[in-house]
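Chain by chain, the residues:
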Amino acid sequence: MTNILKKNKTCLVIFLLSFILAAAAYPFLEDSIPIHWNASGEIDGYGNKLWIFMEPAFILLLTILMEITRKVDPKQSSYTKFEGSFDGLKTAIALLLLAVQILTIAVCFGAKVQIATVLPLLVGILFCYIGNMMPKIKHNYFVGIKTPWTLNDPEVWFRTHRFAGKIWFVGGIFIAFTSFLPGAAKFAAILGAAIALAIVPMIYSYLISKKEKDS
């Protein structure tokens, strides 16, 4: 247990900070708070103020699920080879959730936050970080680009993640720059980028695998 807590120390600190922020803000919130914004940055969804505790709940759930993931993975030993990157991924996602919570609280207290500008920027930075980290992810069954071809061949896994890392980094920069696009164009650009970043590495892994078999 001590070892598990030590491995997840950063995420647990972020969880505690997020929970404290939620608890401190809760008594001063209206009964209904914004929980969703459209592509133009306009609030189009409200929920009970208990929603302010969703971010710390998600951070804790993320930490628990990713710890379970590594424990049940048949290639559990691989995680020790990219421990720093695995922890970094958990931390980056937890920080994004914390940032969303802070933005929500700020809006609840009347701050004029341009959510449609800030969120794509934050998501773009996250994608850049993941792209930079991808080549370091070792062969496993849960984290990374998982296709029949990458799971079947460690070399295809490595080459796919090295390639995916580059396009995710560039894709992250692109998503960040969509912050300056108008609402409809921003939504289309982000959706298109997300689909491309998901599909292109899958196709690449197939082509690499086919090339290796044919050679």
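Please read all numbers here as calculations on a predicted model, not as lab measurements.

**Considering helix H4 (residues 83–108)**
Right, on to step 1. The end-to-end C-alpha separation of H4 is 38 Å, in line with the 38 Å expected for 26 residues at 1.5 Å each.
Right, on to step 2. Gly 110 lies just past H4 and shows a positive phi near 95 degrees.

**A few points about the packing of H4 against helix H5 (residues 115–133)**
When two helices pack together, you describe them by how their axes are tilted relative to each other and by the distance separating the axes.
Right, on to step 1. Where H4 contacts H5, the axes come no closer than 10 Å and their chain directions differ by 175 degrees. With respect to their mutual orientation, H4 and H5 come out roughly antiparallel. The residues of H5 that touch H4, namely those facing Ser 85, Gly 88, Leu 89, Ala 92, Ile 93, Leu 96, Ala 99, Val 100, Leu 103 and Val 107, are Ile 115, Val 118, Leu 119, Leu 122, Leu 126, Tyr 129, Ile 130 and Met 133.
Right, on to step 2. In terms of residue class, the contact of H4 with H5 is built from 16 nonpolar, 2 polar and no charged.

**Brief notes about the pairing of strand S2 (residues 43–48)**
Right, on to step 1. The pairing of strand S1 (residues 32–37) with S2 spans 5 bridges and is antiparallel. Along S2, the bridge assignment pairs Trp 37 with Ile 43.
Right, on to step 2. Linking two consecutive strands that pair antiparallel, namely S1 and S2, is a turn of 5 residues; a positive phi of about 85 degrees is found at Gly 41 within it.

**Topic: the UniProt feature "transmembrane region" (unreviewed entry) in the protein chain**
Right, on to step 1. Per the UniProt entry, the sites bearing "transmembrane region" (unreviewed entry) are residues 49–68, 89–107, 113–131, 163–181 and 187–207 in this numbering.
Right, on to step 2. In the segment residues 49–68, helix accounts for 75% and strand for 0%; the C-alpha atoms at its two ends are 30 Å apart.
Right, on to step 3. Taken end to end, residues 89–107 has its terminal C-alpha atoms 27 Å apart, with 100% of it in helix and 0% in strand.

**Concerning the side chain of Lys 90**
Right, on to step 1. Note that Lys 90 resides in helix H4.
Right, on to step 2. According to the relative accessible area criterion, Lys 90 is buried, its value standing at 2%.
Right, on to step 3. Once you skip the residues sitting within four places of it in the chain, Lys 90 turns out to touch Lys 7, Asn 8, Cys 11, Leu 62, Met 66 and Glu 67.

**Some details on the confidence of the model for the protein chain**
Right, on to step 1. On average, residues of the protein chain score 91 in pLDDT, and 97% of them reach the 70 mark or higher.
Right, on to step 2. By mean pLDDT, helix H1 (residues 2–7) is the weakest element of the protein chain at 68, and helix H7 (residues 154–177) is the strongest at 96.

**Considerations on the packing of aromatic side chains**
Right, on to step 1. Overall, the coordinates contain 10 aromatic pairs when judged by the stated rule.
Right, on to step 2. An angle of 85 degrees between the planes, with centres 5.2 Å apart, marks the rings of Tyr 79 and Phe 86 as edge-to-face.
Right, on to step 3. By relative accessible area, Tyr 79 is classed as buried at 0%.
Right, on to step 4. Between the aromatic rings of Phe 127 and Trp 168, the centroid separation amounts to 4.9 Å while the plane-to-plane angle is 15 degrees, which identifies the pairing as stacked. Remark: Trp 168 occurs in helix H7 and Phe 127 occurs in helix H5; sequence separation between them is 41 residues. We note that Phe 127, like Trp 168, is buried.
Right, on to step 5. An aromatic cluster of three or more residues is present, and its members are Phe 15, Phe 19, Tyr 26 and Phe 53.

Definitions and limits used
Residues numbered from 1 in each chain as written. Predicted model: local features only at pLDDT ≥ 70, side-chain atom pairs only at ≥ 80, totals over all residues. Heavy atoms only, no water. Helix = DSSP H or I, 4+ residues; strand = E, 2+ residues; numbered from the N terminus. Expected span 1.5 Å × (residues − 1). Axes fitted to C-alpha atoms, helices over the stretch in contact; angles between N-to-C directions. Parallel < 35°, antiparallel > 145°, perpendicular 65-115°, else oblique. Contact = heavy atoms within 4.5 Å. Nonpolar A, V, L, I, M, F, W, Y, C, P; charged D, E, K, R; others polar. Pairing = 2+ DSSP bridges. UniProt positions renumbered as here; feature names shortened; annotations may be inferred. Buried < 20%, exposed > 50% of the residue type's maximum accessible area, 1.4 Å probe, protein only. pLDDT = per-residue confidence, 0-100. Phe/Tyr/Trp six-rings, centres within 6.5 Å; stacked < 30°, edge-to-face > 60°.

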